[in-house]
Amino acid sequence: MTLAFSDESDEEIARIMKRYPTRLAALIPTLWVAQHEFGTVTREVMELVATRLDLPTAKVITTATFYTMFNKKPVGRFHVQVCKNISCYLRRSDDVTAALKDAIGVGPGETTADGLFTLSEVECLAACGRAPAVQVNKTYHEWATPEGMRQLVADLRASVNAAPMPPPEAHDG
Amino acid sequence: MAEVKTYNYLLRQDDGKDYRELGEYRAAGGYKAVLKAVRLGPDAVIAEMKKASVRGRGGAGFPAGIKWGFVPKETDKPKYLVVNADEGEPGTFKDNYFLSHDPHRLIEGCIICSMALGIETCYIYIRGEFFEQIDTVTRAIEQCYEAGILGESVMRTDQKLDVYVHPGAGAYICGEETALLESLEGKPGQPRLKPPFPAVVGAFGCPTVINNVETLATVPLIVEHGADWFVGLGVERDGGSRICGVSGHVNNPGLFEVGVGANMRDIIYELAGGVSEGREIKAVIPGGSSCPVLTKDEIDVPLTVEGLKEVDSMLGTCGIIVIAEGTCVVKCLQRISHFYAHESCGQCTPCREGTGWVARIIDNIEAGRAKMSDLDLLLDVADSIGGNTICALGDAAELPVLSFVSKFREDFAEHIRQGCCPFDDQPLPRH
Ligand SMILES: Cc1cc2nc3c(=O)[nH]c(=O)nc-3n(C[C@H](O)[C@H](O)[C@H](O)COP(=O)(O)O)c2cc1C
Ligand code: SF4
Ligand code: FES
């Protein structure tokens, strides 16, 4: 099956292109649309984006690979990201990471076998005044504690058992 | 101890109103400054901005009015306003406030700036992690289009203005203004050589103003109350109030709006509630992680660009990070150095190689695997990073190393002598 954008995404991309004087400038927002629809930005997705924006595939690859938020490989349905930078470190983010590792069952940079959780350590999330900061998919969890994070993981697990699987990006954690 | 005066001109988090709603924002006087700016006319607005001596709140502290003055008046090219909302310097979390709670204040600042400089297109570059903030700002922009505040005719004037959100995608270096422009143009975020400066050759090769979120948020206040009032909140040549963030080992971390020139020690003890567990201060990083660290004897300083220069540090973003007694400063520097190594864009050899090397030496010291001579090697390598690079990330990586090692040399030496971290059995404060 060849990859194609949904009508909705296609319209969104058309709107994005109108905002900029060049097609290249539409690339990063379009990659977001693609990631939203397909979950990952694989080589195939990059080619689709290149065709849609009428750009050389090499340009798309150069940009897509520079930015860490474009997922080159699948991430779990819940992407749990703990800030490890200075302000969070001072307020014991390492304890939060340890608790999450224990509750989720994998270490930073890894995804659980069931595809439910990916754990990452990330740099400053600009929430330093409410440290430690954790981001799960799109949502911030501030003043994180080891106990609170264990509970969160349990709640996320329970929410999956209660509801059928939505597409990856659509979920808000 | 003097009492620190706080304000709620910029920071209105405690008055129970939802300023994300256009109605609430207008009810509190919002968008009136746009009409006043129309009456004043572009030249008078730029003159007020110069007189207000508002220094850029994004870190470098360049006077905003002067920057606006660099944009050529007569040009056949379009001009752009680009908002730097890529906030990512560790210890800095103030722009997040406007994007989350008061987006119209930013938009109003953008409108006034655009009118003054004849700009018809504005891009707000928001870091990719800020999903909810991107939605909030996007919604505020939509409200403005519906209300005739943006679009073909801004508030029934002959000014046309389009404002768009441009999402980033997870690269700290895109906060550097020319990397941000590259990223806006769809390319990897690799800083450009300056000159030419963005005011002349910026986005898409056209004249461009780049300002920080908080800088633009001050603009409606300056127009509404006048430059003299604004200057009066701060000090000469560094006007206004600004938002200072305090994080780390304090009892009441958070954002505080203070006049430029407020005393840093008082902010820490009075506003931020003093140090956790009643401990002493060991070190303070005054303005985001790239600023040279201070000891507890050096923090009795006014928060001004000049005041921090006096103690060989920088005001940066006013993001104060407090480190309590009993904390391992080697571990602190380790976090900071790994950050800069990770975020180096790799264009310049001293930065690409040096930042990684520095991080590895610090790893060795922390793990007790280093020799005494490694301390001088560390200083040597760090010293060779800054100055010879395309952008200031090189300096940002170098300065913390030089200041931490020179001010806390004994802590570093003790790791080497003992062959382990002497702080491992001293827990960080509990909160
Ligand atoms: C490595 C690096 C990162 C930066 N990150 C930011 C940032 O996240 N936000 C910001 O406003 N300025 C940042 N700056 C400063 C910008 O280059 C620029 O000076 C600023 O956006 C100008 O706005 P202002 O004059 O209103 O402060 C950074 C600079 C460097 C060298
Ligand atoms: S100093 Fe570092 S981050 Fe800046 S351009 Fe050079 S390599 Fe890139
Ligand atoms: S250091 Fe963790 S959010 Fe800033």
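The following paragraphs examine the structure supplied in this document. (Residues numbered from 1 in each chain as written. Chains lettered and ligands numbered in written order. Predicted model: local features only at pLDDT ≥ 70, side-chain atom pairs only at ≥ 80, totals over all residues. Heavy atoms only, no water.)

**Focus: the layout of surface pockets**
Residue and element names in this part refer to chain B.
Thought 1: For the largest pocket, the calculated volume is near 1500 Å³.
Thought 2: For the lining of the largest pocket, the secondary-structure elements that each account for two or more residues are β4 (208-212), α12 (305-310) and α16 (393-407).
Thought 3: By residue number, the principal contributor to the lining of the largest pocket is β4, which donates five residues. (1 Å grid on protein atoms, 1.4 Å probe; cavity = no way out; pocket = protein on both sides within 12 Å on 5 of 7 lines; lining within 4 Å. Points joined across faces, edges and corners; volume = space filled by probe spheres on them. Helix = DSSP H or I, 4+ residues; strand = E, 2+ residues; numbered from the N terminus.)

**Considering empty space enclosed by the protein**
Thought 1: Counted by the stated rule, this structure contains one cavity of 30 Å³ or more.
Thought 2: In this structure, the largest cavity encloses a volume near 90 Å³.
Thought 3: Partitioned by chemical class, the residues of the lining of the largest cavity number eight nonpolar, five polar and no charged. (Nonpolar A, V, L, I, M, F, W, Y, C, P; charged D, E, K, R; others polar.)

**A look at unusual backbone geometry**
Thought 1: At the junction of B:Lys194 and B:Pro195, the peptide bond is cis and its omega measures out at -10° in the coordinates.
Thought 2: Not every positive phi belongs to a glycine, and A:Asn137 is a case in point at roughly 50°.
Thought 3: Examined against the element boundaries, A:Asn137 turns out to sit in the loop between β4 (134-136) and β5 (139-141).
Thought 4: The exposure class of A:Asn137 is buried, given its relative accessible area of 12%.
Thought 5: Although it is not a glycine, B:Arg237 sits at a positive phi angle of roughly 65°. (Buried < 20%, exposed > 50% of the residue type's maximum accessible area, 1.4 Å probe, protein only.)

**What about the site of ligand 1?**
All names here are of chain B.
Thought 1: For ligand 1, the set of nearby residues contains 19 residues, the closest of which are Gly 58, Lys 67, Asn 211, Asn 212 and Thr 215.
Thought 2: Contact between ligand 1 and Arg 57: an oxygen atom at 3.3 Å from a main-chain N or O atom of the residue.
Thought 3: In this structure, Asn 211 approaches ligand 1 through a side-chain N or O atom, which is 2.8 Å from an oxygen atom.
Thought 4: For ligand 1, whose accessible area on its own is 620 Å², the fraction buried by protein is 90%. (Near = heavy atom within 4 Å. Polar contact = N/O pair within 3.5 Å; in protein donor to acceptor, adjacent residues only side chain to side chain. Areas by Shrake-Rupley, 256 points an atom, 1.4 Å probe, with all protein chains shown as cover.)

**Some remarks on the sheet that holds strand β2 (residues 121-126) of chain B**
Residue and element names in this part refer to chain B.
Thought 1: Strands sit in the order β3-β2-β1-β4 across an open sheet of four strands; the sheet is parallel. Edge positions in the sheet fall to β3 (162-167) and β4, since each of these pairs with one other strand and no more. Averaged over neighbouring strand pairs, the angle between their axes works out to 20° when direction is ignored.
Thought 2: The pairing of β2 with β3 spans six bridges and is classified as parallel. Bridge pairing in β3 places Thr 121 opposite Asp 162.
Thought 3: Of the strands in this sheet, β1 (80-85), β2 and β4 touch helix α6 (residues 103-117), which is tilted by about 150° from β1. (Pairing = 2+ DSSP bridges. Axes fitted to C-alpha atoms, helices over the stretch in contact; angles between N-to-C directions. Contact = heavy atoms within 4.5 Å.)

**Quick notes on the nonpolar core**
Thought 1: A:Val49, B:Ile365, B:Phe404 and B:Phe412 are the most contacted members of the largest nonpolar core, which has 86 residues in total.
Thought 2: Sorting elements by how many residues they give to this core places helix α13 (residues 329-343) of chain B first, with seven residues.
Thought 3: Among all residues touching B:Ile365, those that are not within four sequence positions of it are B:Val330, B:Ala370, B:Leu375, B:Leu378, B:Phe412, B:His415 and B:Ile416.
Thought 4: Ranked by size, the runner-up nonpolar core spans 74 residues in total, among them B:Ile46, B:Ile119, B:Leu161 and B:Val165. (Core = buried A, V, L, I, M, F, W, Y, C linked by side-chain atoms within 4.5 Å.)

**Observations regarding the interface of chain B and chain A**
Thought 1: If you look at the interface, chain B gives 59 residues, while chain A gives 40 residues.
Thought 2: Between chain B and chain A lies a buried interface of about 4100 Å² when both sides are counted; carbon and sulfur atoms form 61% of it.
Thought 3: Of all residues in chain B, B:Phe131, B:Ala169 and B:Arg335 bury the most surface against chain A, accounting for 18% of the area lost on that side.
Thought 4: One can count one salt bridge joining chain B with chain A.
Thought 5: The partner of A:Asp94 in a salt bridge is B:Arg335, and the shortest N-O contact between them spans 2.9 Å.
Thought 6: Here chain B and chain A share 22 residue pairs in polar contact (both at pLDDT 80 or more) between them. (Buried area = accessible area lost by both parts, 1.4 Å probe. Salt bridge = Lys/Arg side-chain N within 4 Å of Asp/Glu carboxyl O.)

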